[in-house]
Amino acid sequence: MAILRVGDLSKVYTTRFGGNTVEALKNISFSVEEGEYVAIMGESGSGKTTLLNILAALDKPTSGEVLLNEKSLLSISEKEISAFRREHLGFVFQDFNLLDTFSLRDNILLPLVLSGTNYKEMERRLKPLAQRLEIADLLQKFPYEVSGGQKQRAAVARAVITNPMLLLADEPTGALDSRATDGLLQLFTQLNNDGQTILMVTHSIKAASHAKRVLFIKDGEVYHQIYKGTGTTDEMYQKISDTLTVITTGGERR
Amino acid sequence: MNKLFYPKLAATNIKKNGKIYLPYILTCIFTVAMFYIICSLYKNKGLEGMRGANTLITTLGFGVWVTAIFAVIFLFYTNSFLMKRRKKEFGLYNILGMEKKHISKVVFWETAYIALFSLAFGLICGMVLDKLMYLLVSYMLDIEVTLNFYVSGYALTATLLLFCAIFLLIFLNSMRQIHLAKPVELLKGGNVGEKEPKTKWILAILGFGCLIAAYTISITVENPVAAMSYFFIAVILVIIGTYMVFTAGSIAILKLLRKNKAYYYKPRHFISVSGLLYRMKQNAVGLSNICILSTMVLVMISSTVSLWIGMDDILNSIYPKDINITLREVTPQNCEKVERIVEENLLEKNLEVQNLQNFSYLSFSAYRDGSNFKVAEDSDVMTSVSSNNFIILNFLTAEDYNWLTGQSAVLDTDEVIVLSPDREYTSDTLTVFDKTFQVTSALDGEEIGSQSAFDTYDVVVQNAQVLATLSDLQTQNYGELATDIYYEYRFDLDTDAQTEIAVHRAIADDLTDADMGVYIQSRENSKSDFLGSYGGLFFIGLFLSVLFTMATILIIYYKQISEGYDDQERFQIMQKVGLSKKETRKTIHSQILTVFFLPLVTAGVHIAFAFPVIARLLRLFNLSNTMLYAVCTLASFLLFALLYAVIYSLTAKAYYKIVSSKS
C-alpha cells in the first residue's frame, strides 16, 4: 500500500512584484510504499528542499496533490496541521534543531508532551528507544554538552517516538563527521528493517546508497530512479555515482 | 586609504543599528539635559536669596550627586549591552581583514559622534527646560521670579566634564571588550552555548531571608527614631534580597517545579518552565534592576507627594494656632507679662486675639510597660528613645482642660482623664513614679499639646498641686534632663501672611528683651522654611523619579530586543517540531508577560511591606496623616503600573517584529 502519493506537484515562486517566476518543481509524481526507504537526490537548487517542505506541510504547492495514507495534506485546516504534523510525521534536520533550553530527554519527549500524553506512557516509550539509539546515558545532558552524532540521534529519537507514518530527513548527515554519519545511516537502516518508512533528502552518495530506492531530481523534475533490489550498499554507491555523472555531464535527459 | 573612511563607516554603523542606537542616544541626550538642569538649579542665584533656601540647596546638591552617579552607571551598563549585541559585526570586520586597532578607530568615531550629538542636543534641551524647571520650583516654593534667559556656566562645565569622562570610560570599556575577544568568539557573539543555571540553594534561602528580615523590620519597628536607622538597613536588605531572589530563588523554584514530573510534563508548563529557567539566568540581574528602580520611584513619589500635599496638615499639627508662645520660666508675673506684650503689639496693628488657648502643662518622656508608664533611669534615656514603647506624657490641670474643651470635668486627687489620639488606653489605672491614678475616662480625641512623632498621652489631673507634685518627682528622676512646667499661650489672627509675620517679629523682639525663656513660633513664618525643605524634597523626588523611570523604560526595551533575537531561533524550531504558530505565540507571550511583570509585582510587594516603616518615618516629618500617604502610595502605584503596561506593550511590538521576521 502506498503510504505517500505525490501527484503532479508543481511549485512556482513569483518575485514580489510578479515580474519573474521560477519553477521550483514541475509535475512531480511518485509514491512511497509502506516500509520503504527512499532517498531523494539532487544538486543544490534542484528543488529537493521545496519538495520536502511541501511533504512536511510547511509549504503549499502551486498545484498537484500530496496524499499521506490516502488523506490529502492540502485538505487539512491550518488549525489542525500542527497536530497532524506532530502525530503522523517525524522530522530529522541537518542542524538537529534541538532546543537549548531542554535536556535531551525533554527534547525527545517534546512532541509527546505537546500531544498531552501522560508521563508513564512517555517513560514507557522513551526507555527502549533510548537504549536502541544508545543515548540512554545522555538523557540528562543538554544539547550543548554532547557531540553532533549524539545530538542527531536524539533528534531521531524525537522524530520516531510518536511512531510516525513517515520519517522525513533533510540532509541528516550534513553536519556529521564520517564516523557519526556511518552510525546514523546504520540506525536508519535498522529503523527501516523494523518497519519504519523513511524519506530522506540528501546529496551525499554515501547516505543515499543505504536507501532501497533513490530518486534523482534535476531542475524541479524527477529525472531518474534506481532500485537497490538485492544489491549491496557498495553496488548501490557505484550505481548512484554513475547516474550522477550522467546527470551532471550528460546534459540531455534520458 | 581615504582619510574619511573610519568616520564614514562609523556613521553608517550607527544608522544601520538604529533600532538599538536610537534609544541609547535619546537616553544620553535626556541624561545630559537632566544633569544640566539639576546643576543649574543647584547654582541658581534666584533660589539662593529665598527663605529656607539652605535646605533646598542641600537637597539639590544631593540630587546632583545622585544624578551623576546614576549617569555613570547607567550609560556604562547600556553601552556594554550594545557592544554585546554588536560582537558579531566586529567579528565579521575582523575576519574581513580589519585589525583590532582599525575596529577601535571605528568604535572611537562612533563614540565621538554619540558624545557630540548627545552633548549638543542634551545641553540645548537642558537650557530650554532649565527655565521651565526653575518656574516649576519657584511656583512650588511660592517665590517671585524674574524671567530672563541665561546659561549657567557652572552647569555647562560640570556637564561637559562629567559626560566627556563618561564617554571616555565607555570607549575604553568597548576597546577592552573587543581586545579581549578572539574573532571566532566575536562572530558567535551573544549566543555562546548557555549552560543551564545551577541551583544555588544557599543564595536563594539567604535572599528570602533578607527580604523577610527587611519586611519584619518594617512591620515591627514602631518607634520613628529607630525607624530612621533601621530603614536604611531594611533598604539594603531589600536590595540584596531582591538580587538574590531573582537570581537564585527563581531558579530554585523553577527547578522544583521541573522535578514534579506530573506538573512539568504538561503542554503548557513544559515549555514555559524550561523557557523561564533559561530566561531567568540571563535576565535576573536586569529584572532586579527594574524591580529596584521601580520600588525607588514609587517610594520617592509617594512619600514626597504626601509631604507636599500634607504640608498644611503638618503646619497645623506643629503649630496649632497662628501664633504659638511657650513660656519656660512659669511665674504668674511672667504669664501676665506675655499677655501684656501680645496685647500691646496687637493693639498697634489693630488686631485682636482669636481662639485663644492658654494653659500650663508638664511634658516628659516615659515608656510603656504594660498598662503602666515607666520613667527611664537617666542612664538609658537616650537608648529608650528608639524603643517601640517610647512615649510622651503631657499633664495638665482639670481647670485648663475644662477651659480648653468647654467640658466641666471634676476630678479627685487620685483621678485622671487620659486622652490618647495615637492608641487606645485600656487600663483602669495609670501609674507613674509609683503614683497610681484611677482613670475616670479614656478618650481618643484630639491632642491638646503639640503633636510629636511619638505616641502621646495627655493626662488631665485634679489641679495645679498635683501637677507640681509630678513635676517635683520628675525633676528628682531626670535630674539635669528634667523639664519644668511650661505655659502655652497661643491664638489665631485674622490677617494676611505678611502682617502675621510682622506681628510675630514684633512680639518676638519684645519677648526677647524681657528675657524670661520664651519661645515663639508662627505658622506663616515657618511656612517658607517648610516650603524650602518639603518643596525641595518633592522636586527632587519628582526629578529622580523621572530619571529612574526612563532608565526602567530603556532596560525593558533592551531586554525585549535581546529576548527577541534569542527567541527567533527557538520560535522556528518549535514550529518545525509541531507547535502551531498560534500556540508558539501564546507560550512565548505568557513567558514574557511573567518575566516583565514579575518586577512590577515584586515592587508592589516591597512597597506594601515598606508602608508601615515609611508611614512612621513621615511622622518624623510631622506627617501623621497615614490615610493621605496610603492614598498617595496607591495612586502612584496604579499610575506607575499603567505606565509600565504601556511601555511593555509598546516594546512587545518591537519584540514580535524581531521574532517573526524570519518565519
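Because the structure is a prediction, the values reported are computed rather than measured. (Residues numbered from 1 in each chain as written. Chains lettered and ligands numbered in written order. Predicted model: local features only at pLDDT ≥ 70, side-chain atom pairs only at ≥ 80, totals over all residues. Heavy atoms only, no water.)

### Some words on the packing of helix α2 (residues 18-42) of chain B against helix α4 (residues 53-95) of chain B
Residues and elements named next belong to chain B.
Here is step 1: It is the contact of α2 with α4, at a shortest axis distance of 9 Å, that shows an interaxial angle of 165°. Classified by the angle between their axes, α2 and α4 sit roughly antiparallel to one another. Handedness of the α2/α4 crossing: left-handed.
Here is step 2: Here the contact of α2 with α4 is built from residues that sort into 18 nonpolar, seven polar and two charged. (Axes fitted to C-alpha atoms, helices over the stretch in contact; angles between N-to-C directions. Helix = DSSP H or I, 4+ residues; strand = E, 2+ residues; numbered from the N terminus. Parallel < 35°, antiparallel > 145°, perpendicular 65-115°, else oblique. Left-handed = near helix turned anticlockwise from the far one by under 90°. Nonpolar A, V, L, I, M, F, W, Y, C, P; charged D, E, K, R; others polar.)

### Some details on the interface of chain B and chain A
Note on interface size: it is often stated as the accessible area lost on association of the parts.
Here is step 1: Counting residues at the interface gives 23 residues for chain B, matched by 25 residues for chain A.
Here is step 2: Buried surface at the junction of chain B and chain A, both sides included, amounts to about 2300 Å², of which 68% is carbon and sulfur.
Here is step 3: The largest per-residue losses of area from chain B upon contact with chain A belong to Tyr265, Lys576 and Val577 of chain B, which jointly make up 29% of the total buried on that side.
Here is step 4: Linking chain B with chain A are zero salt bridges. (Contact = heavy atoms within 4.5 Å. Buried area = accessible area lost by both parts, 1.4 Å probe. Salt bridge = Lys/Arg side-chain N within 4 Å of Asp/Glu carboxyl O.)

### Focus on unusual backbone geometry
All names here are of chain A.
Here is step 1: Residue phenylalanine 96 is not a glycine yet carries a positive backbone phi of 65°.
Here is step 2: Phi is positive for asparagine 163, which is not a glycine, with a value near 50°.
Here is step 3: With respect to the secondary-structure elements, asparagine 163 resides in the loop between α5 (148-160) and β7 (166-170).
Here is step 4: Assessed through its relative accessible area of 57%, asparagine 163 is described here as exposed. (Buried < 20%, exposed > 50% of the residue type's maximum accessible area, 1.4 Å probe, protein only.)

### Remarks on helix α2 (residues 78-88) of chain A
Here is step 1: Buried within α2 of chain A we find Ile81, Ser82, Phe84, Arg85 and Arg86 of chain A.
Here is step 2: Taken together, the buried residues of α2 of chain A touch β4 (63-68), β5 (71-72), β6 (89-92) and α3 (104-114) of chain A together with α18 (523-577) and α19 (581-620) of chain B.

### Topic: the packing of aromatic side chains
Here is step 1: One pass over the structure, following the stated rule, counts 33 aromatic pairs over all chains.
Here is step 2: Taking the centre distance of 5.4 Å and the plane angle of 75° together, the rings of phenylalanine 108 of chain B and phenylalanine 171 of chain B count as edge-to-face. Of this pair, phenylalanine 108 of chain B sits in helix α5 (residues 100-141) while phenylalanine 171 of chain B is found in helix α6 (residues 153-180), placing the two residues 63 residues apart along the sequence.
Here is step 3: In textbook terms, an aromatic cluster arises when at least three aromatic residues are bridged by ring pairs, as seen for Phe102 and Tyr119 of chain A together with Tyr264, Tyr265 and Phe270 of chain B.
Here is step 4: Here lysine 43 of chain B stacks its cationic end above the ring of tyrosine 154 of chain B, 5.0 Å away from the centre of that ring. (Phe/Tyr/Trp six-rings, centres within 6.5 Å; stacked < 30°, edge-to-face > 60°. Lys NZ or Arg CZ within 6 Å of the ring centre and 35° of its normal.)

### A word on the pattern of salt bridges
Opposite charge on two side chains makes pairing possible when the charged atoms of those side chains draw close.
Residues and elements named next belong to chain A.
Here is step 1: Under the counting rule described, the total for this entry stands at 16 salt bridges over all chains.
Here is step 2: In this structure, arginine 125 and glutamate 121 form a salt bridge, with 3.0 Å as the shortest nitrogen-oxygen distance. With arginine 125 and glutamate 121 both in helix α4 (residues 119-132) and four residues apart, the pair spans about one turn of that helix.
Here is step 3: Since its relative accessible area comes to 23%, arginine 125 is described here as partly exposed.

### Points about a nonpolar patch on the surface
Residues and elements named next belong to chain B.
Here is step 1: On the surface, Trp201, Ile202, Leu203, Ile205, Leu206 and Leu256 cluster together into a nonpolar patch covering about 620 Å² of accessible area.
Here is step 2: A per-element tally of the nonpolar patch places helix α8 (residues 201-220) first, with five residues.
Here is step 3: Relative to the assigned elements, leucine 203 resides in helix α8. (Patch = residues over 30% accessible without salt bridge, like charges linked within 9 Å, V, L, I, M, F, W, Y side chains within 5 Å. Areas by Shrake-Rupley, 256 points an atom, 1.4 Å probe, with all protein chains shown as cover.)

### A short note on the confidence of the model for chain A
Here is step 1: Model confidence for chain A is summarised by a mean pLDDT of 85, while 96% of its residues fall at 70 or above.
Here is step 2: The secondary-structure element of chain A with the lowest mean pLDDT is α2 of chain A, recorded at 82, while strand β8 (residues 198-202) of chain A shows the highest, at 91. (pLDDT = per-residue confidence, 0-100.)

### Examining the confidence of the model for chain B
Residues and elements named next belong to chain B.
Here is step 1: Looking at chain B, the pLDDT average stands at 81 and 90% of residues meet or exceed 70.
Here is step 2: Per-residue pLDDT, averaged within each element of chain B, yields its smallest value for helix α14 (residues 381-384) (55) and its largest for α8 (91).
Here is step 3: Scoring of the predicted complex yields 0.77 for pTM and 0.75 for ipTM.

### Quick word on a positive patch on the surface
Here is step 1: Side chains of Lys79 of chain A together with Arg268, Lys582 and Lys586 of chain B sit close together on the surface and give a patch of like positive charge.
Here is step 2: Secondary-structure assignment places lysine 79 of chain A in helix α2.
Here is step 3: Relative accessible area serves as the criterion here: at 73%, lysine 79 of chain A is assigned to the exposed category. (Lys, Arg positive; Asp, Glu negative; His and termini not counted. Charge placed at Lys NZ, Arg CZ, Asp CG, Glu CD.)

### A few points about the sheet that holds strand β10 (residues 221-227) of chain A
Residues and elements named next belong to chain A.
Here is step 1: Here six strands make up an open sheet; going across it, the order is β6-β7-β8-β3-β9-β10 and the pairing mixed. What marks the edges here is a single partner per strand, and that holds for β6 and β10. Between one strand and the next, the sheet's axes are offset by a mean angle of 20°, whatever the strand orientation.
Here is step 2: As defined by bridge partners, strand β9 (residues 213-218) adjoins β10 across six bridges and the pair is classed as antiparallel. Residue pairing in the sheet places arginine 213 in a bridge with tyrosine 227 of β10.
Here is step 3: The strands touched by α2 are β6 and β7; relative to β6, the strand with the most contacts, the crossing angle is about 75°. (Pairing = 2+ DSSP bridges.)

### Digging into the environment of glutamate 48 of chain B
Residues and elements named next belong to chain B.
Here is step 1: Here glutamate 48 is to be found in helix α3 (residues 45-48).
Here is step 2: With relative accessibility at 43%, the residue glutamate 48 sits in the partly exposed group.
Here is step 3: For glutamate 48, the residues in contact, after removing those within four places along its chain, are Ala53 and Ile57.

### Some words on the sheet that holds strand β2 (residues 21-33) of chain A
Residue and element names in this part refer to chain A.
Here is step 1: Spatially, β2-β1-β4-β5 is the arrangement adopted by the four strands of the open sheet, whose pairing is antiparallel. Each end of this open sheet is capped by a strand with a single partner; those strands are β2 and β5.
Here is step 2: One ladder, built from two bridges, connects β4 with β5; its direction is antiparallel. Each residue of the ladder has a partner; that of leucine 67, found in β5, is serine 72.
Here is step 3: In the packing of helix α1 (residues 48-55) onto the sheet, the strands contacted are β1 (2-14), β2 and β4, and the crossing angle to β1 comes to about 120°.

### A closer look at the packing of α3 of chain A against α4 of chain A
The packing of two helices is summarised by the inter-axis angle and the distance between the axes.
All names here are of chain A.
Here is step 1: The N-to-C vectors of α3 and α4 enclose an angle of 125°; their axes lie 11 Å apart at closest approach. Here α4 runs oblique to α3, going by the angle between their axes. By crossing handedness, the relation of α3 to α4 is classed as right-handed. Judged by residue contacts, Arg105, Ile108, Leu109, Leu112 and Val113 of α3 engage Tyr119, Met122, Glu123, Arg125 and Leu126 from α4.

### Here's the deal with the nonpolar core
Here is step 1: The biggest cluster of nonpolar side chains holds 197 residues, and the ones touching the most others in it are Phe188 of chain A together with Tyr24, Phe35 and Phe163 of chain B.
Here is step 2: Per element, the largest residue contribution to this core is 22 residues, and it comes from α18 of chain B.
Here is step 3: Apart from the residues within four sequence positions on either side, tyrosine 24 of chain B is in contact with Leu75, Thr78, Asn79, Leu82, Ile114, Phe167, Ile170 and Tyr558 of chain B.
Here is step 4: Core analysis: the second largest hydrophobic core is formed by 32 residues, Val6, Ala56, Ile76 and Leu89 of chain A among them. (Core = buried A, V, L, I, M, F, W, Y, C linked by side-chain atoms within 4.5 Å.)

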